[in-house]
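The residues making up each chain are set out below.
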Amino acid sequence: MSLVRLKIKGISYSQTQNGAYALILNEVEGDRKLPIVIGAFEAQSIAIALEKEIKPPRPLTHDLFKNFADRFEIVIKQVIIHKLVDGVFYSSIICERDKIEEIIDARTSDAIALALRFNAPIFTYKTILDKAGIFLKFSSKDKENESTDDSIMVNEILQEGETVEITGSASDGYSELTMDELYKELESAVANENYEKAAKLRDEISKRQ
């Protein structure tokens, strides 16, 4: 079976279903998206890995695993989402130590959180993407608002109990803060391990720079 490489398009929470988070993966050489429901902790961990500027004061569980693996010279070579059963994705982590390769079963959310920390590629099989992938066609005008369309698309899927959205919520009034206030809020959010708020603050700061 042929493998298809995936990249992370985004991660966020749903505006319509409390407690629901999702990771949206996009095929590297194509337009299909693979939405996967994940837990709140894993969503936070993946968001931290994606936001290079946000550093938690203490290592999260996946950071601890990375530190442990580095100490014992274990490298994650790749992650493969290899099975889909009743809406649940199953993944394998391909590790290597002393030129010996091992395959470890893992939840997809954990596997991706670790892949990000090891800069390891993420793959799935073409058959899985054919079955669960979502293909969107845009007009030139629609492409300018692609993230909005994705938000609508994922919320509709969520209502069917499958997956969630990728776009962030409104700025929560951050647009009214000065740059100094934004940086103070960002520092406080990171110190309190409120990484969702930190990511929104960082986005607001980035928009003004």
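Above this text is the structure in question.
Per chain, residue numbering runs from 1 following the sequence as it is written. Totals for whole chains, interfaces and linings use all residues, but because this is a predicted model, local features are given only for residues with pLDDT of at least 70 and pairs of side-chain atoms are given and counted only at 80 or more. To obtain the side-chain values, all non-hydrogen atoms of the structure were used and water was disregarded.

**A look at the overall build of the protein**
The way it works is that DSSP assigns letters per residue, a run of H or I at least four long becomes a helix, a run of E at least two long becomes a strand, and they are numbered from the N terminus. Within the protein, the regular secondary structure consists of eight helices and eight strands. When accessible area is computed with a 1.4 Å probe and restricted to protein chains, residues below 20% of their type maximum are described as buried, those above 50% as exposed, and intermediate ones as partly exposed. Relative to its full complement of 209 residues, the protein shows a buried share of 44%. Long-range contacts, defined as pairs at least 24 residues apart, comprise 56% of the intrachain contacts of the protein with a sequence gap of at least 6. Under the convention used here, a 1.4 Å probe and the Shrake-Rupley method define accessible areas, while residue burial counts only the protein chains that appear. Carbon and sulfur atoms form 48% of the exposed surface of the protein, whose accessible area is close to 12100 Å². By definition in these notes, contact holds between two residues if any of their heavy atoms fall within 4.5 Å.

**Notes on the nonpolar core**
The criterion is simple. A nonpolar core is a set of buried Ala, Val, Leu, Ile, Met, Phe, Trp, Tyr and Cys residues joined through side-chain atoms within 4.5 Å. Counting 36 residues, the largest nonpolar core has Leu-25, Leu-34, Ile-38, Ile-46, Ile-81 and Ile-93 as the members making the most contacts within it. Broken down by element, the residue count for this core peaks at seven residues, all from helix α3 (residues 108-118). Excluding its chain neighbours within four sequence positions, the residues that come into contact with Ile-46 are Ile-11, Leu-23, Ile-38, Ser-109, Ile-112, Ala-113 and Leu-116. Leu-60, Tyr-174, Leu-186 and Ile-205 belong to the second largest nonpolar core, which has eleven residues in total.

**A look at the pattern of salt bridges**
If the charged atoms of two oppositely charged side chains come close together, the side chains can form a pair. Here, a salt bridge means any Lys or Arg side-chain nitrogen found within 4 Å of an Asp or Glu carboxyl oxygen. Per the counting criterion, the structure on display carries eight salt bridges. The residue Asp-130 makes a salt bridge to Arg-32 at a minimum N-O spacing of 2.6 Å. With Asp-130 in helix α4 (residues 126-132) and Arg-32 in strand β3 (residues 32-38), this pair connects stretches of sequence that are 98 residues apart. Residue Arg-32 is classed as buried on the basis of its relative accessible area, which comes to 18%.

**Section: the packing of helix α2 (residues 61-71) against α3**
Where α2 meets α3, the closest approach of the two axes is 10 Å, and the angle between their N-to-C directions is 55 degrees. By the criterion of interaxial angle, the relationship of α2 to α3 is oblique. Remark: the crossing between α2 and α3 carries right-handed chirality. From α2, His-62, Asp-63, Phe-65, Lys-66, Ala-69 and Asp-70 reach across to α3, where they touch Asp-110, Ala-113, Leu-114, Arg-117 and Phe-118. Note on residue categories: nonpolar means Ala, Val, Leu, Ile, Met, Phe, Trp, Tyr, Cys or Pro, charged means Asp, Glu, Lys or Arg, and polar means any other residue, Gly included. Here the contact of α2 with α3 is composed, by residue class, of five nonpolar, one polar and five charged. Where helices are involved, their axes are fitted lines through C-alpha atoms of the stretch in contact, as for all axes, and angles between N-to-C directions lie from 0 to 180°. Any angle between 65 and 115 degrees counts as roughly perpendicular, while under 35 counts as roughly parallel, over 145 as roughly antiparallel, and the rest as oblique. Left-handed describes a crossing in which the near helix is turned anticlockwise from the far one by less than a right angle; the clockwise case is right-handed.

**Side note on the packing of helix α1 (residues 40-50) against α3**
At a closest axis distance of 9 Å, the pairing of α1 and α3 adopts a crossing angle of 15 degrees. Regarding the angle of α1 to α3, the classification is roughly parallel. Note that α1 runs across α3; the crossing there is left-handed. Taken together, the residues of α3 that come into contact with α1 (itself represented by Glu-42, Ser-45, Ile-46, Ile-48, Ala-49 and Leu-50) are Ser-109, Asp-110, Ile-112, Ala-113, Leu-116 and Arg-117. Classifying every residue of the contact of α1 with α3 by side-chain character gives seven nonpolar, two polar and three charged.

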